[in-house]
Amino acid sequence: LGEQEVAKILEGFNRLSVRGELRPSEFRTGFLNCAGPVPEALAEALFNCFDSNSSGSLDVQQFVCGVAVICKGRPEQKLR
C-alpha cells in the first residue's frame, strides 16, 4: 500500500477505535457496513482473521495489515 492509502486506513481506524482498540461491534458497524449490511457470520470470520493474536480486539497494526491483504493481497493470502 502507498502512503496515502495507509493514511486513509489509519484515519478510519482512529475514527472507529476506542482507546486504540477496535472491538467486533465497531468493526462490523463502522468498517464493514460502509458497503452495505454484512451477515454476522461473515463479519465474525473476518474479524477473527484480522485478530491475529486472538485478543478479541484489533490494534492498529492488525487492522492495517488486514485491510492491506483484502485490498492488495494475492488470492491465497486472502483465503488465509
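Attention here is on the structure that accompanies the text. Bear in mind that the values here come from a model prediction, so they are computed numbers and not experimental data.

Counting its secondary structure elements, the protein contains 5 helices and 0 strands. Of the regular secondary structure in the protein, the N- to C-terminal order runs α-α-α-α-α. A buried classification covers 28% of the 80 residues belonging to the protein. For the protein, restricting intrachain contacts to residue pairs at least 6 apart in sequence, the fraction spanning at least 24 positions comes to 44%. Carbon and sulfur atoms make up 55% of the accessible area of the protein, which amounts to about 5,400 Å² in all.

Here the focus is the side chain of Glu26. If you trace the backbone, Glu26 turns up in helix α2 (residues 24–31). Among buried charged residues, Glu26 stands out as having no salt bridge; its nearest opposite-charge side chain is Arg23, 4.8 Å away. In this structure the side chain of Glu26 is engaged in a polar contact, spanning 3.0 Å, whose partner is the backbone nitrogen of Arg23. For Glu26, the residues in contact, after removing those within four places along its chain, are Leu16, Val18 and Phe31.

Thresholds applied
Residues numbered from 1 in each chain as written. Predicted model: local features only at pLDDT ≥ 70, side-chain atom pairs only at ≥ 80, totals over all residues. Heavy atoms only, no water. Helix = DSSP H or I, 4+ residues; strand = E, 2+ residues; numbered from the N terminus. Buried < 20%, exposed > 50% of the residue type's maximum accessible area, 1.4 Å probe, protein only. Contact = heavy atoms within 4.5 Å. Areas by Shrake-Rupley, 256 points an atom, 1.4 Å probe, with all protein chains shown as cover. Lys, Arg positive; Asp, Glu negative; His and termini not counted. Salt bridge = Lys/Arg side-chain N within 4 Å of Asp/Glu carboxyl O. Polar contact = N/O pair within 3.5 Å; in protein donor to acceptor, adjacent residues only side chain to side chain.

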